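Residue strings, one per chain:
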Amino acid sequence: MSIHLNAEPGQIAETVLLPGDPLRAKHIAETFLTDPVLHNTVRGMHGYTGTYKGKRVSVQGTGMGIASSMIYVSELITQYGCKNLIRVGTAGSYQADVHVRDIVLAQAACTDSNINNIRFGAKNFAPIADFDLLMRAYQIARERGHTTHVGNIMSSDTFYHDDFDQYKIWADFGVLAVEMEAAGLYTLAAKHGVKALTVLTISDHLVTREETTAEERQLTFNAMIEIALDAALGE
Ligand SMILES: O=P(O)(O)O[C@H]1O[C@H](CO)[C@@H](O)[C@H]1O
Ligand SMILES: O=c1cc[nH]c(=O)[nH]1
């Protein structure tokens with residue numbers, strides 16, 4: 001057991017899906033896993049382990065933001081030996097041609113967080129996805145006919161910015177979308193020599209101001225879950 005997870009040793013699989021929303025973790029477990037067992041209840045941050053197509057897999061909510069998610073990712077890697085960590089999250093589009101409900105695979109993640117300034121000072125670390133997971137996820141998404149974008153994203157510490165248009169600085173450099181965890185996940189994966197990927201569904205649009213409801217975000221973004229599961233575990 002660790003400080004924030006009360007799973008028994010061995011109860012969490014090597015492959016873990018990581019939604020920010022603990023209720024999305026419950027939905028994933030109940031919809032996609034066979035015989036899911038609730039392995040974490042600490043702080044209501046649901047975590048489950050079951051099987052998918054006969055292979056063991058876990059899903060663990062991380063909460064919102066790099067600070068919260070890095071706690072769970074650190075404990076999953078160092079206390080439970082997890083090796084493949086795949087974030088499945090929602091994101092806001094920065095680009096006119098990246099539409100609501102499109103899939104974004106985060107090849108790399110910029111951040112306005114201080115996590116890597118603390119580590120590297122004035123030198124910049126580039127947090128990137130595992131190439132094998134990224135390639136498999138892209139092939140699966142394309143085979144299934146999902147509109148899929150691969151590229152750079154922004155992991156922001158701030159959801160509500162004083163200046164709404166600040167996103168254009170990043171959009172001008174081709175950054176596809178904003179979420180709040182991937183840069184922390186990729187940094188920890190690099191530090192510990194494990195594999196990580198972030199699969200996102202666009203839930204809202206900073207250019208067009210389109211939005212989805214909380215219920216849609218929680219329940220209906222199943223394509224990214226199946227892409228993540230099949231990329232991690234093989235079809
Ligand atoms: O849908 P999740 O996985 O929570 O991800 C996105 O949604 C939250 C903000 O609403 C942040 O956690 C952001 O990264
Ligand atoms: O962090 C996030 C997630 C979804 N949509 C946003 O605009 N930001």
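None of the values given here were measured: they were computed from a predicted structure. (Residues numbered from 1 in each chain as written. Chains lettered and ligands numbered in written order. Predicted model: local features only at pLDDT ≥ 70, side-chain atom pairs only at ≥ 80, totals over all residues. Heavy atoms only, no water.)

This part takes up the environment of Tyr-186. Note on placement: Tyr-186 falls in helix H6 (residues 182-192). On the accessibility criterion, Tyr-186 (1% relative accessible area) is buried. Placed 100 residues apart in sequence, Tyr-186 and Ile-86 show a C-alpha to C-alpha distance of 9.9 Å. For Tyr-186, the contacting residues outside a window of four places in its chain are Ala-106, Gln-107, Ala-108, Ala-109, Pro-127, Ile-128, Ala-129, Ala-196, Leu-197 and Thr-198. (Helix = DSSP H or I, 4+ residues; strand = E, 2+ residues; numbered from the N terminus. Buried < 20%, exposed > 50% of the residue type's maximum accessible area, 1.4 Å probe, protein only. Contact = heavy atoms within 4.5 Å.)

What follows covers the site of ligand 2. Looking at ligand 2, the residues that line it are Thr-90, Ala-91, Gly-92, Phe-159, Val-178, Glu-179, Met-180, Ser-203, Asp-204 and Leu-206. The separation between a nitrogen atom of ligand 2 and a polar main-chain atom of Gly-92 is 3.2 Å. Asp-204 places a side-chain nitrogen or oxygen 2.7 Å from a nitrogen atom of ligand 2. Calculation on ligand 2 without its partners gives an accessible area of 240 Å², and the protein chains cover 86% of this total. (Near = heavy atom within 4 Å. Polar contact = N/O pair within 3.5 Å; in protein donor to acceptor, adjacent residues only side chain to side chain. Areas by Shrake-Rupley, 256 points an atom, 1.4 Å probe, with all protein chains shown as cover.)

What follows is about the site of ligand 1. Around ligand 1, the structure places Gly-20, Asp-21, Arg-24, Met-64, Arg-87, Val-88, Gly-89, Thr-90, Phe-159, Glu-179, Met-180 and Glu-181. Between ligand 1 and the protein, one listed contact pairs an oxygen atom with a backbone N or O atom of Gly-20 at 2.9 Å. Residue Glu-181 places a side-chain N or O atom 2.5 Å away from an oxygen atom belonging to ligand 1. Contact with the protein chains hides 87% of the accessible area of ligand 1, taken as 340 Å² for the molecule alone. Per-element accounting of the shell around ligand 1 gives the leading share, four residues, to strand S5 (residues 84-93). Taken together, the residues of the shell around ligand 1 break down into four nonpolar, three polar and five charged. (Nonpolar A, V, L, I, M, F, W, Y, C, P; charged D, E, K, R; others polar.)

Over its 15 residues, helix H2 (residues 66-80) runs 20 Å from end to end, which matches the ideal 21 Å to within 8%, given 1.5 Å per residue. Phi turns positive, to about 70°, at Gly-81, one or two residues after H2. (Expected span 1.5 Å × (residues − 1).)

What follows deals with the confidence of the model for the chain. Looking at the chain as a whole, the pLDDT averages 96, with 100% of positions reaching at least 70. Interface confidence for the predicted complex, expressed as ipTM, amounts to 0.98; the pTM equals 0.97. (pLDDT = per-residue confidence, 0-100.)

As annotated by UniProt and renumbered to match this structure, "domain: Nucleoside phosphorylase" (unreviewed entry) occupies residues 16-222. Within residues 16-222, the helical portion is 33% and the strand portion 30%, while the C-alpha atoms at the span's ends are 16 Å from each other. (UniProt positions renumbered as here; feature names shortened; annotations may be inferred.)

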